[in-house]
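Report on the structure
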Amino acid sequence: MSTNRFGDIDFSRVPSLSMMKHRKAFLNEKLKRAPGPDEDETGNRHPDVEDRVKCRKRLREAILNTKVKKIKGQQLYPHQIVEKFMNGGWSYRTNQLSSLEKDLLCCQWDDIRGGVLEAMKKVKEEKSEDEVIAKVVDLGSVVHFS
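Anyway, here's the lowdown on the structure attached to this text. (Residues numbered from 1 in each chain as written. Predicted model: local features only at pLDDT ≥ 70, side-chain atom pairs only at ≥ 80, totals over all residues. Heavy atoms only, no water.)

1. A closer look at the overall build of the chain
What the chain contains, in helices and strands, is 5 helices and 2 strands. Along the chain direction, N to C, the helices and strands of the chain fall in the order α-α-α-β-β-α-α. Here the chain holds 146 residues, and the buried ones make up 32% of them. Across the chain, every contact between residues at least 6 apart in sequence was considered, and the portion connecting residues at least 24 apart equals 59%. Accessible area for the chain stands at about 10200 Å²; split by element, carbon and sulfur atoms hold 53% of it. (Helix = DSSP H or I, 4+ residues; strand = E, 2+ residues; numbered from the N terminus. Buried < 20%, exposed > 50% of the residue type's maximum accessible area, 1.4 Å probe, protein only. Contact = heavy atoms within 4.5 Å. Areas by Shrake-Rupley, 256 points an atom, 1.4 Å probe, with all protein chains shown as cover.)

2. Details of the pattern of salt bridges
All chains considered together, the criterion is met by 9 salt bridges. Note that Arg33 is salt-bridged to Glu39, the shortest N-O span being 3.7 Å. A relative accessible area of 39% means that Arg33 is categorised as partly exposed. We note a salt bridge from Asp40 to Arg60, for which the minimum N-O separation is 3.6 Å. Taken together, the residues span a long stretch of sequence, with Asp40 in the loop between helix H1 (16-27) and helix H2 (50-64) and Arg60 in helix H2 at a distance of 20 residues. (Salt bridge = Lys/Arg side-chain N within 4 Å of Asp/Glu carboxyl O.)

3. Observations regarding the nonpolar core
Ranked by internal contacts, the top residues of the largest apolar core, which has 16 residues, are Phe11, Met19, Phe26, Leu59, Ile63, Ile71 and Leu104. The set of elements that each furnish at least two residues to this core consists of H1, H2 and helix H4 (99-126). The residues touching Leu59, leaving out its near neighbours within four places in the chain, are Phe11, Met19, Phe26, Leu27, Ile71 and Leu104. (Core = buried A, V, L, I, M, F, W, Y, C linked by side-chain atoms within 4.5 Å.)

4. Observations regarding H1
Among the residues making up H1, those that are buried are Ser16, Met19, Met20, Arg23, Lys24, Ala25, Phe26 and Leu27. Those residues of H1 that are buried are in contact with H2, helix H3 (78-85) and H4. Taken from the residues just after H1, Asn28 is the one with a positive phi, measuring 60°.

Given below as structure tokens:
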């Protein structure tokens with residue numbers, strides 16, 4: 001990013017926190033306005049910069065390629081993704097998110113979910129059912145949902 005070589009970014013190597021923080025730059029979208037229908041291919045931040053448009057297209061391919069999960073999300077908390085769909089926690093603002101940004105957030109959500117399911121499967125294989133239930137109850141006392 002610092003050398004303006006956005007088109008060369010390998011999204012399978014971008015950490016989830018960096019992806020969340022810089023998603024608008026990677027998507028070539030303005031911070032406060034989603035691209036219109038005529039800007040869907042290029043984005044609306046730098047539509048004339050070929051490298052930025054290439055970055056957007058490569059990220060779209062990584063998001064839409066369901067056979068190979070390339071977008072990371074396991075270092076995020078679920079509320080970090082949900083709050084992007086909400087305006088300060090008070091109202092929904094999905095109309096301000098582009099469809100590509102929504103797809104990106106859904107990929108990150110799926111990665112979080114997959115990590116949790118894999119961890120549960122691993123625990124279940126290692127322990128008896130009673131131990132798994134005790135572990136889940138113990139985790140429930142540590143995690144507070146608000």
